[in-house]
Amino acid sequence: MKRLVYFFFVLMALSINVAAQDTHSYANPSAVRVRHVDLDWDVLFDQKILKGTTTLTIERTSQTEPLILDTRDLNIERVETSVNGLEYTPATFTVGTSDKILGAPLTIPLPAGATRVRIQYSTSPGASGLQWLAPAQTAGKKDPFMFTQSQAIHARSWIPLQDTPAVRVTYNAHVRTPRNLLAVMSAENDAHTPRDGDYSFRMRQPIPSYLIALAVGDLRFRTLGPRTGVYAEPQMIDRAARELSDTEKMVVATERLYGAYRWGRFDILVLPPSFPFGGMENPRLTFATPTILAGDKSLVSLVAHELAHSWSGNLVTNATWRDFWLNEGFTVYLERRILEAVYGRAREEMEASLGLRELLEEMATLEDRDEILHVDLTGRDPDDGFTNVPYEKGALFLRHLEQTFGRVQFDRFLRSYFNLLAFQSITTEQFLTHLRQYLLDDNPALAARVPIDEWINNAGLPSSAPKPTSPAFARVEEQAQRWLRGEITATQIPVAKWTTQERLHFLKFVQSALEPPASAGGPADAAATQLSQTERLRLMGELDRAFQLTRSGNSEIAFQWLMMSIQDKYEPAYPRLEEFLLSVGRRKFIRPLYQELAKTPEGKERALAIYRRARPTYHPIAVTSIDQDLKWPSQ
Ligand SMILES: [Zn+2]
């Protein structure tokens, strides 16, 4: 009897899960569900629009309810329905009021037996998911370029569809472009297809809408390995192929850890600099920022990250954006395991230690509600959830599970997780059910050591959270201390022997020593002294002369140095700051630089002057964030 009652509650909980509404979509997939999408477009660079049709194959559990789709700024010209997929008849439709975050619902009443809906439409030039680059914004300077970025809810700005990660679709696409350009998609690509401006694609595996992706430009391809390759503009292709030459090795290492790679090929598209993110895990074709091309493979953790998404995120997917940590926390954990397998434990320790530091720094500035893994984003733009919390706190939670249950048992759990839930979209509650069933319930004594509820539902970190450390970083700190105490000169610091991660740690350590944090407890406390502005500038100048920091071509080092330069008013770096902000569009770098500048009146003026020139070259996603930060008037 007791068991039956328990069973009843489990059923109740499960049915609530299934009905859990994605608050960022108007769609009604429990009544009408899209299973397949056929796309057909002309890519019109002169008008900055896609024009064509989307045909949706639907499955209906209700014969009375209409199909409700998500749209944003689409110009819907005509809607038709079909019973057999051959003959189409015109249908009525209504586009509802547009919400600033969600866009507008497109409601289509369905006749009896309808299995397909064809929508003729065009996008708007300001579509949030598309970026149109003038030739001047590309490396080649000759041809225009366009690319999409659908995560989190931008697919609806270029495709009318059920834009929720809970709905998975297969898709075919037919794309017409200017004759000399190549189109590529998150689908089966033929790298050697004739360049005739007419391209076809097929994605046979069901994916959520945010993974549908398209790019068009003057692209070349280089093979990296049997299943791996890289696309980039001709001017970048050799550099990109050299930098990414370990990609095949990473795929092999990940398969050894978590089971077969299920997507056929893993290619990387290196985009022009205005791409707002580091990378986007579009299946079969990761999109990546050129800022990872450091020349020494030091920033390829990004490739490990996007590759890891082929398991965590693309295979097992967050069902709503409040479950985003299931995508990113798992992926950061996997990324570090891949780095450890390919580059060794010391590299993993450094990355994990930098990750923890960035998390703690950011959490010091966040409201409590944004420090929660199972964050409530109702009424907010899901892009607001893109903090370090789902990434680094999520990864720490998995690290805690690994340390508690042991690597062998935890790896077995992860493999079963990817196998049993492959090609499914799940909520945090469903993850927890799976975790209990396949790990916790068999080991109650160990399970008692991990405060699951605290990890998932509370702000901050549990007191038992792992604190990754790096012996290599401890040696870096020792050198920094000696230099700050005047025992050695900057030229005596063995920077040439250090990795990018060690250099970054050195700079961050010096940064906190120059400006000791208001609250005690930072790693640099021992070195922290009250330094005068003149003394700080002297130290900055000494570092710059010794290590050529202002001229660094490594984007992570340059970013860190420019942040310090703004804080300490180190003027010799200002021209480089301006150049950096005008040539890089990655939001992770440019947004904090503008925010830091805006902290003083002179800095704000400088920020606005640079932003006025840079804004037209940035992606809509970066522009939305920085407009808010700088209170840019054009909104
Ligand atoms: Zn990610």
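As the structure is a computational prediction, the values presented were derived from the model and not from experiment.

**Student:** Any details on the overall build of the protein chain? Residues and values, ideally.
**Tutor:** Secondary structure summary: the protein chain contains 19 helices and 21 strands in total. In terms of overall size, the protein chain behaves like a compact globule, its C-alpha atoms giving a radius of gyration of 25 Å where 635 residues would be expected to give roughly 26 Å. Summarising its shape, the C-alpha atoms of the protein chain cover approximately 85 × 70 × 50 Å along the three principal directions. Here the protein chain, with 635 residues, has 58% of them falling under the buried criterion. Considering only contacts within the protein chain whose residues lie at least 6 apart along the sequence, 72% involve residues at least 24 apart. Summed over its atoms, the accessible surface of the protein chain is roughly 25800 Å², and 53% of this surface lies on carbon and sulfur atoms. On the protein chain, the mean spot of the 71 positive side-chain charges and the mean spot of the 75 negative ones are 3 Å from each other.

**Student:** Go over the side chain of Asn28, please, and point to the residues and values.
**Tutor:** Tracing the sequence through the fold places Asn28 in the loop between helix H1 (2-19) and strand E1 (32-44). Side-chain polar atoms of Asn28 contact the backbone oxygen of Pro66, separated by 2.9 Å. When neighbours within four sequence positions are excluded, Asn28 is seen to be in contact with Glu65, Pro66, Leu67, Ile68 and Gln162.

**Student:** Explain the sheet that holds strand E12 (residues 182-185) to me, using residue names and the numbers behind them.
**Tutor:** What the 4 strands build is an open sheet, ordered E9-E10-E14-E12; its pairing is antiparallel. Every interior strand has two partners, whereas the edge strands, strand E9 (130-133) and E12, have only one. Strand-to-strand twist in this sheet, taken as the mean axis angle between neighbours without regard to direction, amounts to 10 degrees. Pairing of strand E10 (residues 145-148) with strand E14 (residues 214-217) involves 2 bridges; the strand directions are antiparallel. Within E14, the position partnered with Phe147 by the bridge is Ala215.

**Student:** So, empty space enclosed by the protein: which residues are in play, and what are the values?
**Tutor:** Evaluation of the coordinates by the stated rule reveals 5 cavities of 30 Å³ or more. Within this model, the largest cavity holds a volume of roughly 60 Å³. If you go around the largest cavity, the residues you meet are Thr138, Gly140, Lys141, Lys142, Asp143, Pro144, Phe145, Asp218, Glu233 and Gln235. A class-by-class count of the residues in the lining of the largest cavity yields 2 nonpolar, 3 polar and 5 charged. The calculated volume of the second largest cavity comes to roughly 50 Å³.

**Student:** Can you tell me about the coordination of the zinc ion, naming the residues and giving the values?
**Tutor:** Protein coordination at the zinc ion: the donors are His305 (NE2), His309 (NE2), Glu328 (OE) and Glu328 (OE), at 2.1 to 2.7 Å from the metal. Going along the chain, you hit the donors of the zinc ion in the pattern H-x3-H-x18-E. Placement of His309 in the loop between helix H4 (301-308) and strand E20 (316-318) and of Glu328 in helix H5 (residues 324-343) is noted, with a sequence separation of 19 residues between them. Classification of Glu328 by relative accessible area gives buried; the value is 1%.

**Student:** Residue-level account of the packing of helix H15 (residues 555-567) against helix H17 (residues 587-597), with values.
**Tutor:** Across the interface, H15 lies against H17 with an axial gap of 10 Å and an inter-helix angle of 5 degrees. What the angle tells us is that H15 and H17 run roughly parallel. In this structure, H15 uses Ser555, Glu556, Phe559, Leu562, Met563, Ile566 and Gln567 to contact H17, whose residues at the interface are Lys588, Phe589, Pro592, Leu593, Glu596 and Leu597. In terms of residue class, the contact of H15 with H17 is made up of 8 nonpolar, 2 polar and 3 charged.

**Student:** Requested: an account of the pattern of salt bridges, with residues and values cited.
**Tutor:** Applying the stated criterion across every chain yields a total of 42 salt bridges. Here Arg118 ties to Glu80 by a salt bridge, and the two come within 2.9 Å at their closest N and O atoms. Linking Arg118 in strand E8 (residues 116-122) with Glu80 in strand E4 (residues 75-82), this pair joins segments that are 38 residues apart in sequence. Note on Glu80: relative accessible area 8%, which makes it buried. Across the salt bridge formed by Arg227 and Glu255, the nearest N and O atoms sit 3.1 Å from each other.

**Student:** So what's going on with helix H3 (residues 247-258)? Residues and values would help.
**Tutor:** Taking 1.5 Å as the rise per residue, H3 with 12 residues should run 16 Å; its terminal C-alpha atoms sit 16 Å apart, in good agreement. In the core, the buried residues of H3 are packed alongside strand E16 (228-232), strand E17 (266-270), H4, H5 and helix H8 (407-420). Note on H3: the residue one or two positions beyond its end, Gly259, has a positive phi of about 95 degrees.

**Student:** For unusual backbone geometry, give the residues involved together with the corresponding values.
**Tutor:** Note that the residue after Gln151, namely Ala152, is joined by a cis bond; omega there is 5 degrees. The phi torsion at Lys141 lies on the positive side, around 65 degrees, for a residue other than glycine. Tracing the backbone through its elements, the reader meets Lys141 in the loop between E9 and E10. Located in the positive-phi region is Phe423, a residue other than glycine, with phi close to 60 degrees. Mapped onto the elements, Phe423 comes out in the loop between H8 and strand E21 (424-426).

Conventions we followed
Residues numbered from 1 in each chain as written. Predicted model: local features only at pLDDT ≥ 70, side-chain atom pairs only at ≥ 80, totals over all residues. Heavy atoms only, no water. Helix = DSSP H or I, 4+ residues; strand = E, 2+ residues; numbered from the N terminus. Rg over C-alpha atoms; globule rule 2.2 N^0.38 Å. Buried < 20%, exposed > 50% of the residue type's maximum accessible area, 1.4 Å probe, protein only. Contact = heavy atoms within 4.5 Å. Areas by Shrake-Rupley, 256 points an atom, 1.4 Å probe, with all protein chains shown as cover. Lys, Arg positive; Asp, Glu negative; His and termini not counted. Charge placed at Lys NZ, Arg CZ, Asp CG, Glu CD. Polar contact = N/O pair within 3.5 Å; in protein donor to acceptor, adjacent residues only side chain to side chain. Pairing = 2+ DSSP bridges. Axes fitted to C-alpha atoms, helices over the stretch in contact; angles between N-to-C directions. 1 Å grid on protein atoms, 1.4 Å probe; cavity = no way out; pocket = protein on both sides within 12 Å on 5 of 7 lines; lining within 4 Å. Points joined across faces, edges and corners; volume = space filled by probe spheres on them. Nonpolar A, V, L, I, M, F, W, Y, C, P; charged D, E, K, R; others polar. Donors = N, O, S within 2.8 Å, 3.2 Å for Na, K, Ca; no water. Parallel < 35°, antiparallel > 145°, perpendicular 65-115°, else oblique. Salt bridge = Lys/Arg side-chain N within 4 Å of Asp/Glu carboxyl O. Expected span 1.5 Å × (residues − 1).

Purely spatial values, then, with no claim about function.
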